[in-house]
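Reading the structure
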Amino acid sequence: MSDTYYNPRDLKKFGEIAEFEPKLAEKFFDWYGEVFKEGALTVREKSLIALAVAHAIQCPYCIDAYTEDAMQKGANEKMMMEAVHVSGAIRGGASMVHGVQMMNKAKKLSM
Amino acid sequence: MIKSLKARSNDLSLSSNQLEILDNGIFKEELPKFKNKLKSTTQYPLRPSQLEIFQINVGYMCNQVCKHCHVDAGPDRKEIMTKENLQKCIEIVKKYNIPTIDLTGGAPEMNPNFRWFVEEAIEAGVEEIIVRSNLTIIKANKKYEDLPSFFKENNVRVVSSLPYYQASKTDSQRGDGVFSKSIEALKMLNKEGYGVKGSGLFLDLVYNPAGAFLPGDQAQLEGEFKRNLKSDFNIDFNQLFTITNLPISRFLEYLIASGNYEDYMEKLVSAFNPAAVDGVMCKNTISVGWDGKLFDCDFNQMLDLPVDKANSNHLDTFDLDDLMDREIRVSQHCYGCTAGAGSSCQGAVA
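Here we summarise the structure given alongside this text. (Residues numbered from 1 in each chain as written. Chains lettered and ligands numbered in written order. Predicted model: local features only at pLDDT ≥ 70, side-chain atom pairs only at ≥ 80, totals over all residues. Heavy atoms only, no water.)

**Looking at the pattern of salt bridges**
Evaluation of the coordinates by the stated rule reveals 32 salt bridges over all chains. Of the charged contacts, one joins B:E184 and B:K139 as a salt bridge, the two residues approaching to 3.3 Å between their closest N and O atoms. A residue pair is termed long-range when its members are at least 10 positions apart, and B:E184 in helix α8 (residues 178-191) and B:K139 in helix α5 (residues 137-140) qualify at 45 residues. Note on B:E184: relative accessible area 37%, which makes it partly exposed. When salt bridges with common partners are traced through the structure, they connect A:R9, A:K12, B:E30, B:D263 and B:E266 into a single cluster. (Salt bridge = Lys/Arg side-chain N within 4 Å of Asp/Glu carboxyl O. Helix = DSSP H or I, 4+ residues; strand = E, 2+ residues; numbered from the N terminus. Buried < 20%, exposed > 50% of the residue type's maximum accessible area, 1.4 Å probe, protein only.)

Laid out in structure tokens, this is it:
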């Protein structure tokens, strides 16, 4: 058992998940690779979406990986921070929009 | 302005110390040495194909001190190629009909015989002359302000570094104020017709990542540079070359100081692309040092690894047949040229 739950060096071992289940891992990595190819969205747009999602799900591996990936694809610091704000806005918005549910319930319970 | 490693008497100013780092550490057991990697893909030894480019380093003096410079160039570097050696280059290029001369430095324009050499090379019938200009030299002193028209008169191909289309990343790599001076210089070049469609005058830009990461897709970055430089500054250029930073000299210093060295080397090794090996520049280039020594590439020059031909490793003993029969010298820095889409002085290769 390592001292911490997250070890930065484990990111490089991502491919090793195939050790316990090669068939599904192969399908997963094929699909993963396909997802990030240029399509209707550019590879950089996909990288910035991945970076925003990484912050929403708070995956440290993904944050490291997609910060570097986005920089490699020519994104600058402002673009990356805007992506993080999008992530934050959706997370914050998700809490705030539930305020309507709270209001509905409160109004129903009130005279 | 920072000083060169040499002026700071930094350990890394000695090529032997750089090679020691590249041969040991993470390459002792963990990562395969470049030679063994080539063996595993049956691409060892590397041999030259045809000599197409005579890349001449006319001196290490430069008006800039970029953080990533593999030459360790700067105003304090005094190594300059003599007129005598420049003349020898002309004779060799003429004798062997080498189509392209590629002038690099330092800032090649700071060699006092630079203009004379370009004119002589044209006179000698060289098909193409490339000048690797850092752009700011054009704005460094009044005596350089007519360089754009000089380039035009001699139909020189200008290749210039610009790591990003915005100031912050450019200045962080190349020094404060470099971006704005570069933009002014690019406008002056555009005014002469450089980079303008149909002019026949070529202006290419070089993108080096401003940090410990690999360059992205060349075509995509070129599109982005073109869009942004046009909309923000009305600047045109021809091609963008993406070049990977090689782990030597001041970039090696940066990698070590920032704690990125091992991760960066792992990245280069894991991105090794056998298809890029076929396009590496050492196959069609001879690099000439300021003192006339011959190398497989400008990087080997900086690591003091001359061509592996004791009888023809200098301008004075230049023997093309003998040189074409050589094995190209490799070390772990070579992973920089074979990572991903590959990297050469003409950008991606695979």
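**Concerning empty space enclosed by the protein**
All names here are of chain B. Counted by the stated rule, this structure contains three cavities of 30 Å³ or more. Approximately 560 Å³ is the volume attributed to the largest cavity. Lining the largest cavity we find 32 residues, and of these H68, H70, T104, S161 and N208 sit closest to its centre. Breaking the lining of the largest cavity down by element, the ones donating at least two residues are β3 (128-133), β4 (157-161), α10 (249-257) and α13 (298-302). When the residues that make up the lining of the largest cavity are grouped by side-chain class, the tally is 14 nonpolar, 14 polar and four charged. Space inside the second largest cavity adds up to approximately 120 Å³. Forming the boundary of the second largest cavity are 15 residues, of which V280, C282, C297, C334 and C337 lie nearest the centre. Of the residues in the lining of the second largest cavity, the class split is eleven nonpolar, three polar and one charged. (1 Å grid on protein atoms, 1.4 Å probe; cavity = no way out; pocket = protein on both sides within 12 Å on 5 of 7 lines; lining within 4 Å. Points joined across faces, edges and corners; volume = space filled by probe spheres on them. Nonpolar A, V, L, I, M, F, W, Y, C, P; charged D, E, K, R; others polar.)

**Overview of the layout of surface pockets**
Taken as a whole, the largest pocket holds about 1500 Å³ of empty space. Lining the largest pocket are 39 residues, with A:L11, A:K12, A:A65, A:E68 and B:K267 positioned closest to its centre. Breaking the lining of the largest pocket down by element, the ones donating at least two residues are α1 (22-35) and α3 (60-72) of chain A together with α11 (261-270) of chain B. Of the residues forming the lining of the largest pocket, the biggest block, ten residues, is contributed by α3(A).

Everything listed is a geometric property; what it means functionally is a separate question.
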